[in-house]
There are 2 protein chains.
Amino acid sequence: MSETRIRIGIVGATGAVGRVALSLLEERGWPASDVVALASARSKGKWLPYADTELEVVETTPETLEGFDVVFISASSAVSREFAPIVVEKGGLVIDDGSAFRMEPEVPLVVPEVNGGDVLWHRGIISIPNCTTTPLVMVLDALRQLGAIERVTVATYQAVSGTGAAAVAELNEQTAAIARGASPQVAVYPYQIAMNVLPHVDSFKDDGYTVEEHKMTNESRKILHDDGLRLSATCVRVPVPVGHSEAVHVDLDRSIEESDIRAALNAFPGVTVVDDPQRTLYPMPHTAEGKDEVLVGRIRRDMSSPRGIAFWLSCDNLRKGAALNALQIMDEVIRRDALSPAATHKA
Amino acid sequence: MSETRIRIGIVGATGAVGRVALSLLEERGWPASDVVALASARSKGKWLPYADTELEVVETTPETLEGFDVVFISASSAVSREFAPIVVEKGGLVIDDGSAFRMEPEVPLVVPEVNGGDVLWHRGIISIPNCTTTPLVMVLDALRQLGAIERVTVATYQAVSGTGAAAVAELNEQTAAIARGASPQVAVYPYQIAMNVLPHVDSFKDDGYTVEEHKMTNESRKILHDDGLRLSATCVRVPVPVGHSEAVHVDLDRSIEESDIRAALNAFPGVTVVDDPQRTLYPMPHTAEGKDEVLVGRIRRDMSSPRGIAFWLSCDNLRKGAALNALQIMDEVIRRDALSPAATHKA
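Residues numbered from 1 in each chain as written. Chains lettered and ligands numbered in written order. Predicted model: local features only at pLDDT ≥ 70, side-chain atom pairs only at ≥ 80, totals over all residues.

Asker: Which parts of the structure should I look at to understand the overall build of chain A?
Answerer: If you tally the helices and strands in chain A, you get 9 helices and 16 strands. Taking 2.2 N^0.38 as the reference for a compact globule, 347 residues should give roughly 20 Å; the C-alpha atoms of chain A span a radius of gyration of 20 Å, in line with that estimate. For chain A, the spread of C-alpha atoms along the principal axes amounts to about 60 × 55 × 45 Å. In chain A, which comprises 347 residues, the proportion classed as buried is 56%. Within chain A, residue pairs in contact and separated by at least 24 positions form 66% of the contacts whose partners lie at least 6 positions apart. (Helix = DSSP H or I, 4+ residues; strand = E, 2+ residues; numbered from the N terminus. Rg over C-alpha atoms; globule rule 2.2 N^0.38 Å. Buried ≥ 20, exposed ≤ 12 C-beta atoms within 10 Å, placed from the backbone. Contact = placed C-beta atoms within 7 Å.)

If you want it as C-alpha cells, here you go:
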C-alpha cells in the first residue's frame, strides 16, 4: 500500500456508521487529502473533525462522485441504488453498507474472515452484511470447522444505533424525559424504546418474520456458501446505544468437547472469547462498544439437544457490524489486487 | 367465600412484589382488617396506603405470624426458610414467592391454569414459580394440547423489578445520571444496567448455566409433570422496569397449522394473543405492565425446524409472574377447599 494512493469517498459521512468510518480511517492515519465526506444536500457545508483538521461535507451528486477508488455508502437503500451505479461507471469500487444489493447474485457479500475470497468476483459493488449477520457468521464459520451445522436459532438484543443517529438521539431524549418525569416523545420507532424492548426490527413479511430476520437467514447462507442452512431469528430492539448482542443455539452433526469449541472460537480471527462467569466476565454491549472484536461467552452445552451448543455474543454494530467490516473489505480487495486497475492511481 | 373470612399476612410487603400483592388485594376489595403488612425490622412502623386507609408495617417475628390463614412470603430465601415453618406450625398456609422450597418434593409448585390440582397435596407450603417460568409453562401447556413437546429454547429479556425495588431504584438513578452527563453508580448489579444488557441473572453454576436458567428447566418440568422436558434457557437482564419478555422456539412431535396454534393459545386461560404485525401489534414489556395476562405474539413457523414454532411473549413479572399468581393459588386452594381446616375461621 505504500506505493498506492487510494482516494476514498464516504457517502453518509454524517450518519452513525459514516462517523465511525471516518474515525477508523483517522486511526489508521489515512491522509485527509484522500478522504472525502459526502452526504445529502442538508448536510452540505458542515465540517467534520478529522485528525488535526476538518473535512467539509460535500453533497453527493454524480459530479462529486468523480475520481474515487473506493466509495463507502452508508445511507438509505434509495441512496445506494441511485449513486452506486454512478460510482461503478466512473471506475470506482462501491462498498455498500445497505441491503440494496446484498442478495444480488453478481454482488459479493463479504465478511473477510469468512469469505474474503469472494471479493475477487465483484463487478464494482461489494456489500457488507447486516450488522447482526456479521458477528454470527464469524462464530458459525468457526464452529463448522468442528462439524456440520444442522440448525441455528438466535434471539437478538440490538442497539438503537443500528437504526441510525436519529434513533440514538431519540433514546437519549426519551431517557432524559423519563428522568425529569416528562412523557417521552415517540418518532423514530413505533413505540417508546427507552425502558422498553420492541420485537420489531425492519418491516414484517407475510410469514410473520421481519425483513431483518430473513436477512439473518439469507445473508448467512450466502456468506457461508450454504444454501440449505437452517436458521431462525427473532430480532429485538433494546434500549442500548451501541452494541448488538445475540443469544444463540447451534446444533452440529456431532457432539463436540467444550474445550474444542473454545479453542476453535479463540483461534478464529476477529473473535475473542470472554467467558469466565465465576469472575463475572461475559460479553456485554457496554464492553463491546469501541472494540473491533466479536466477543463470545456463556459457552455451554445446550441442555435441550445432545449435539447442541449455546452461547452469547456482543459486537460493536457500528465497527465490525458496519464501518470496520467495510474497511476490512477494502483491505482484502487491495491485498488481493482486486480493485479495478483503472481506478488505482500510482503515486 | 362470602361466609369465610381469610386473614392474610404479606411478608415483604414493602418490596416490589409485596406492594403489588397489596394493590391486587385492594382491587379485590379485601378488607383492610384482614390484611397485615409484614417486613423486616428496618421497615417497622412505616405506613403503606391501602384502599381508603393505611396499613402499619409490622416486623416479621414468630409472634406477629400468629393467626393467619394465608401468609404470602416475598423476600429472601433466608426469610422464607426462617418463617415459613413457623407459619405452618401455627396452622397457616404459606404461599412462597422465593426459590427456597420450589423443588422440594413435598411442596407443590403451582400455576393454577396449568396444575391447579397440585394444591391438593400441600403440607402447609405452596411455592410459586420463578417469574420467567410462569408465562412460559402456560404457553407450553397450551401447545402440548396439539402435540408432545420435544424441545424448547428460550432467551429472556428480564426487567429489573425481578431483582427487587432496589434494582428499580438503581435503573432510575443510573438513567438520571446518564441524562445529566454524570457517571452511573453501580451497586445492585455487577455492571451498569442502564443502556446495557447483562447475560447474567442469579449466580453461575459449573456447567456454564446460571441458577435462573436451571430454574426455568427444572420448574417447568415439575409444573408440567414432564421430567424429561428438554429446555435450554439464556436469561438476560435488560434496562426495563417492569415486564419480562421471552423469545421462544418450541419443537413439537408433529407439524401443526398456525391457525390451530393461535386457537390453542387464545383458548388458554390467562393467555392473550397480541399478534397483528401489519398493524404494529405485538407484546412488549411496556404494554404488559399492569396487565394480568401473558401476552403472546410474533407467532410463526420456525424456519429452522419442520415441526417448530417460534413466538414471543411479554408478562408483568410482578403480577402474573409473582403476586397475581400467588393470589390465584390462594383462590384455587379456597375453591378446592384445601386450606388447612384448622386455619379457616368461619365468620
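Here the narrative resumes, following the displayed structure.
Asker: Looking at this model, I keep getting lost on the relation of the copies chain A and chain B. Mind explaining?
Answerer: One copy of the chain maps onto the second through a rotation about an axis and a displacement along it. Mapping chain A onto chain B calls for a screw motion: a turn of 180° about the axis and a shift of 0.0 Å along it, with 0.0 Å RMSD after fitting. On the angle and the small slide along the axis, the relation comes out as a two-fold axis. When the interface residues of chain A are mapped onto chain B, 100% of them again fall at the interface, so both copies present the same face. (Least-squares fit on C-alpha atoms with pLDDT ≥ 70 in both.)

Asker: Mind showing me how you'd approach the sheet that holds strand β12 (residues 244–252) of chain B here?
Answerer: Backbone-to-backbone hydrogen bonds pair the strands of a sheet. The strands run either parallel or antiparallel. Residues and elements named next belong to chain B. Strand order in the open sheet made by the 6 strands is β11-β10-β12-β15-β14-β13, with mixed pairing throughout. Each edge of the open sheet carries a strand with a single partner, namely β11 (231–234) and β13 (271–273). The mean inter-strand angle of the sheet, taken between neighbouring strand axes irrespective of direction, is 25°. Strand direction decides the pairing type here: strand β10 (residues 149–157) and β12, joined by 8 bridges, are antiparallel. (Pairing = 2+ DSSP bridges. Axes fitted to C-alpha atoms, helices over the stretch in contact; angles between N-to-C directions.)

Asker: Explain the pairing of strand β4 (residues 47–50) of chain B to me, please; I cannot follow it from the model alone.
Answerer: Successive side chains on a regular strand alternate, one facing one side of the sheet and the next facing the other. Residues and elements named next belong to chain B. Here β4 pairs with strand β5 (residues 53–56) via 4 bridges, running antiparallel. By the bridge assignment, Y50 is partnered in β5 with T53. The loop that links β4 with its antiparallel partner β5 comprises 2 residues; one of these, A51, has a positive phi angle of about 50°.

Asker: When you look at the environment of B:W47 in this model, what are you seeing that I'm missing?
Answerer: Residue and element names in this part refer to chain B. Looking at the element boundaries, W47 is found in strand β4. Residue class for W47 comes out exposed when judged on the 11 C-beta atoms lying within 10 Å of it. Measuring from C-alpha to C-alpha, the distance between W47 and A37 comes to 9.1 Å, with 10 residues separating the pair along the chain. Setting aside residues up to four positions removed in sequence, W47 forms contacts with E54, L55 and E56.

Asker: I tried to follow helix α5 (residues 165–179) of chain B on my own but got confused; where do I start?
Answerer: What sets the pattern is the α-helix's 3.6 residues per turn: residues three or four places apart point alike. Here α5(B) spans 21 Å end to end across 15 residues, near enough to the 21 Å set by a 1.5 Å rise per residue. Where α5(B) is concerned, the buried positions are B:A167, B:E170, B:L171, B:Q174 and B:T175. Angularly, the buried residues of α5(B) cover 130° about the axis, an arc narrow enough to put them on a single face. Those residues of α5(B) hidden inside the fold are in contact with α5 (165–179) of chain A. Phi turns positive, to about 80°, at B:G181, one or two residues after α5(B). (Expected span 1.5 Å × (residues − 1). Arc of directions from axis to C-beta.)

Asker: Looking at this model, I keep getting lost on the sheet that holds strand β9 (residues 125–127) of chain A. Mind explaining?
Answerer: Residues and elements named next belong to chain A. Taken together, 6 strands build an open sheet; the order of strands is β6-β3-β2-β7-β8-β9 and the sheet is parallel. The outermost strands of the open sheet, each flanked by one partner alone, are β6 (58–59) and β9. Where strand β3 (residues 35–39) lies against β6, 2 bridges are found, and the strand directions are parallel. Across the sheet, L38 pairs through a bridge with V58, a residue of β6. The strands touched by helix α1 (residues 16–27) within the sheet are β2 (8–11), β3 and β7 (70–73), with β2 carrying the most contacts at an inclination of about 155°.

Asker: Can you help me understand the environment of B:L224 in this one?
Answerer: All names here are of chain B. Here L224 shows up in helix α6 (residues 211–224). A C-alpha to C-alpha distance of 20 Å links L224 and T272, two positions 48 residues apart in sequence. Residues within four places of L224 in sequence aside, it is in contact with V114, V137, L140, D141 and L229.

Asker: In this structure, what is going on with the domain arrangement of chain A? I would like to understand it.
Answerer: Much of the literature gives interface size as the accessible area that the parts lose upon coming together. Residues and elements named next belong to chain A. When its domains are assigned, chain A resolves into domain 1 (4–129 + 322–346) and domain 2 (133–317). Here the C-alpha centroids of domain 1 and domain 2 sit 25 Å apart. Facing 14 residues of domain 1, the contacting portion of domain 2 comprises 21 residues. Across the side of domain 1 that touches domain 2, the residue classes break down as 8 nonpolar, 4 polar and 2 charged. (Domains from an automatic or database assignment. Nonpolar A, V, L, I, M, F, W, Y, C, P; charged D, E, K, R; others polar.)

Asker: Any chance you could explain the packing of helix α1 (residues 16–27) of chain B against helix α9 (residues 319–335) of chain B here in plain terms?
Answerer: The description of two packed helices rests on the angle between their axes and on the distance between the axes. Residues and elements named next belong to chain B. In contact at an axis separation of 9 Å, α1 and α9 are set at 50° when each is read in the N-to-C sense. Taken together, the axes of α1 and α9 are oblique relative to one another. Relative to α9, α1 is oriented so that their crossing is right-handed. Listed contacts from α9 to V17, V20, A21 and L24 of α1 are R319, A322, A323, L324, A326 and L327. (Parallel < 35°, antiparallel > 145°, perpendicular 65-115°, else oblique. Left-handed = near helix turned anticlockwise from the far one by under 90°.)

Asker: Can you walk me through the confidence of the model for chain A in this structure?
Answerer: All names here are of chain A. Looking at chain A, the pLDDT average stands at 95 and 97% of residues meet or exceed 70. Confidence drops under pLDDT 50 across residues 341–347; counting only partners more than four residues distant or on other chains, this segment forms 14 contacts. Interface confidence for the predicted complex, given as ipTM, is 0.94, next to a pTM of 0.95. (pLDDT = per-residue confidence, 0-100.)

Asker: Mind showing me how you'd approach unusual backbone geometry here?
Answerer: If a residue is not glycine, its phi is most likely negative; likewise, a peptide bond is most likely trans. All names here are of chain A. Here the phi dihedral of R298 falls at roughly 50°; this positive angle occurs in a residue that is not glycine. Residue R298 is classed as buried on the basis of its C-beta count, with 25 C-beta atoms lying within 10 Å. Residue D337 is not a glycine yet carries a positive backbone phi of 55°. In this fold, D337 is placed in the loop between α9 (319–335) and β16 (345–346).

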